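Overview (structure and organization)
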Amino acid sequence: MKINQEMKRKIVQVAAFGYSNTYIGNFVSGQIYKGRWKQFCNPGMNCYSCPAARLACPIGAMQAVSGSMNFKLSFYVIGFVLALGVVFGRAICGFFCPFGLIQELIYKIPFPKKKLWKWLTYVKYVLLAVFVVIMPVTMVNELGMSSPAFCEYICPAGTLEGGIPLLSTHPELRATLGALFSVKACILIITLIGCLSVCRFFCKVMCPLGAIYGLLNKVSIYHMECNKKTCVSCGKCHNICPMDVDPVKNPNSAECIRCGKCVASCPKESLALKFVYGKKG
């Protein structure tokens, strides 16, 4: 049996999810793995506080080190994310992000499907600038330390993967719940409803990591090319795109997650995803 491109992508996604969350037993014990692997970052969004998580979340790591007493940015974390972005662009989101897989599974649940307003895709850049970059550096206490703002005030992935599982196993944590958790629970509910109606709602609207990878899509080595000489403008690629991208007009859009659905749908094989070195056509 021939395995198509989408099936191959799903196999990679499931493998990446499994590797990122190897400590399933911790959901019962309510423990968080803190071994040596937590020194390394996951390529995609996967909460550090998720009991099953093997690796750290890059967004959480960025905030933790930029908000530290010494104000030192972690060259490892930033270099790791930038290196992945320069090589793969937002293909990381399409293949290796655990929360991306969760969103795609939620979207398969029967529910009225909608198209997202274009302007909402810019919200993630505001969240990146304000909650990941500015607030952890500027909002510090008397000791010169600050909290990871995006993780603390917004991140629905953290609430779903870390907050709820830990609350279910730690009664003492439930006694400390306040207004902030209520706000984050509301954000999670909005996100889940959004994921039911809009494919990869969190990726499109809220993900600061996707924003970073998206900015690098146009310069990434893993690139999409469109042969406009053979293209017949049938629109199939645009209609099938889960990120609402028109690959003919903008083959390397910041929203493209390199899933390959458009490539597989093209009747003239005018689209191609490949590693391109030097000047890109």
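The paragraphs below set out a description of the structure included in this document. The numbering scheme is per chain: residues are counted from 1 as the chain's sequence reads. Owing to the predicted nature of the model, reporting of local features is limited to residues with pLDDT of at least 70; listing and counting of side-chain atom pairs is limited to 80 or more, with chain, interface and lining totals taken over all residues. As a convention, hydrogens and water are excluded, and side-chain values are obtained from all of the structure's heavy atoms.

Notes on a nonpolar patch on the surface
Together, Ile3, Met7 and Ile11 make up a nonpolar patch on the protein surface, roughly 270 Å² of accessible area in all. Here a strand is any run of E in DSSP of at least two residues, a helix any run of H or I of at least four, and the numbering for each starts at the N terminus. Relative to the elements of secondary structure, Ile3 occurs in the segment before helix H1 (5–20). Each residue is assigned to one of three classes by its accessible area relative to the maximum for its type, calculated with a 1.4 Å probe on protein chains only: buried under 20%, partly exposed between the two thresholds, exposed over 50%. Assessed through its relative accessible area of 37%, Ile3 is described here as partly exposed. Like charges are joined within 9 Å and nonpolar side chains (Val, Leu, Ile, Met, Phe, Trp, Tyr) within 5 Å, but only among residues with over 30% relative accessible area and no salt bridge; these make up the patches. What sets the accessible areas is the Shrake-Rupley method with a 1.4 Å probe; for residues, cover comes only from the shown protein chains. Take a side-chain nitrogen of Lys or Arg and a carboxyl oxygen of Asp or Glu: if they are within 4 Å of each other, that pair is a salt bridge.

Concerning the layout of surface pockets
Think of a 1 Å grid over the protein atoms and nothing else: a 1.4 Å probe that fits but is trapped marks a cavity, an open set flanked by protein within 12 Å on at least five of seven lines marks a pocket, and residues with an atom within 4 Å of a point count as lining. Grid points are joined across faces, edges and corners, and a volume is the space filled by probe spheres set on the points. In this structure, the largest pocket encloses a volume near 680 Å³. Forming the boundary of the largest pocket are 30 residues, of which Cys47, Ser49, Cys151, Glu152 and Lys184 lie nearest the centre. Listing elements by their share of the lining of the largest pocket, those giving two or more residues are helix H3 (58–66), helix H8 (149–153), helix H9 (156–169) and helix H11 (179–197). With 7 residues, the top contributor of residues to the lining of the largest pocket is H9. All amino acids are sorted into three groups, where Ala, Val, Leu, Ile, Met, Phe, Trp, Tyr, Cys and Pro are nonpolar, Asp, Glu, Lys and Arg are charged, and the leftover types, Gly among them, are polar. Each residue belonging to the lining of the largest pocket can be placed in one class, and the counts come to 18 nonpolar, 10 polar and 2 charged. The wall of the second largest pocket is formed by 19 residues, among which Tyr107, Cys199, Cys241, Pro242 and Lys261 lie closest to the centre. Ranked by residues supplied to the lining of the second largest pocket, first place goes to H1 with 3 residues. In terms of residue class, the lining of the second largest pocket is made up of 7 nonpolar, no polar and 12 charged.

Quick look at the packing of aromatic side chains
The geometry of two aromatic rings is summed up by the distance between their centres and the angle between their planes. Side-chain rings of Phe, Tyr and Trp (the six-membered ring for Trp) are treated as a pair once their centres are within 6.5 Å; stacked means planes under 30 degrees apart, edge-to-face means over 60, and tilted covers the remaining angles. For the coordinates displayed, the defined rule picks out 7 aromatic pairs. Measuring from centroid to centroid gives 5.1 Å for Phe99 and Phe202, while their planes differ by 90°, and the two rings are edge-to-face. Of the two residues, Phe99 is situated in helix H6 (residues 98–107) and Phe202 in helix H12 (residues 201–205); the sequence distance between them amounts to 103 residues. Between Trp117 and Trp119, the aromatic rings sit 6.3 Å apart at their centres with planes inclined by 15°, giving stacked as the arrangement. Exposure remark for Trp119: the relative accessible area of 54% places this residue in the exposed category. A connected cluster of aromatic rings, assembled from ring pairs, spans Phe88, Tyr222 and Phe275. Charge-over-ring placement is defined geometrically: NZ (Lys) or CZ (Arg) within 6 Å of the ring centre, and within 35 degrees of the ring normal. Here the guanidinium or amino end of Arg54 rests over the ring plane of Trp37, the centre of that ring lying 4.5 Å away. Between the NZ or CZ atom of Lys113 and the centre of the ring of Tyr107, over which it lies, the distance is 4.2 Å.

Remarks on the nonpolar core
The nonpolar core is taken to be a set of buried Ala, Val, Leu, Ile, Met, Phe, Trp, Tyr and Cys residues, with the residues joined through side-chain atoms within 4.5 Å. Judged by nonpolar contacts, the single largest core of 45 residues is most densely connected at Met45, Ile59 and Phe150. If you tally residues by element for this core, the top one is helix H7 (residues 123–138), at 5 residues. We call two residues contacting when some pair of their heavy atoms lies within 4.5 Å. Setting aside residues no more than four positions away along its own chain, Met45 makes contact with Cys57, Ile59, Cys97, Pro98, Phe99, Phe150, Cys155, Glu161, Phe202, Cys207 and Leu209. Counting 6 residues, the second largest nonpolar core, distinct from the first, contains Met224, Cys237, Cys256 and Leu271.

Points about H9
In an α-helix there are 3.6 residues to a turn, and that puts residues three or four apart on one side. Along its 14 residues, H9 runs 19 Å from first to last C-alpha, staying within 8% of the 20 Å computed at 1.5 Å per residue. Values of bend correspond, residue by residue, to the angle between axes fitted over the seven residues ending at that residue and the seven starting there. Maximum bend of H9: about 30°, positioned at Gly163, with proline Pro165 one to four residues after it. All of the buried residues in H9 are Pro156, Ala157, Gly158, Thr159, Glu161, Gly162, Pro165, Leu166 and Leu167. On its buried face, H9 sits against helix H2 (26–29), H6, helix H10 (171–174), H11 and H12. The length a helix should cover is 1.5 Å for every residue beyond the first.

Looking at the pattern of salt bridges
Scanning the model with the defined rule gives 10 salt bridges in all. In this structure, Arg90 engages Glu255 in a salt bridge whose closest nitrogen and oxygen atoms are separated by 3.6 Å. Here Glu255 lies in the loop between helix H14 (236–240) and helix H15 (261–265) and Arg90 lies in the loop between helix H4 (75–88) and helix H5 (91–95), a separation of 165 residues in the sequence. On the accessibility criterion, Arg90 (0% relative accessible area) is buried. Residue Glu255 is classed as buried on the basis of its relative accessible area of 5%. The salt bridge involving Asp244 is made with Lys115; its shortest N-O contact spans 2.9 Å. In this pair, Asp244 is assigned in the loop between H14 and H15 and Lys115 in the loop between H6 and H7, connecting sequence segments 129 residues apart. A relative accessible area of 60% places Lys115 in the exposed class. One network of salt bridges, in which partners are shared, links Glu6, Arg9, Lys10, Glu104 and Arg200.

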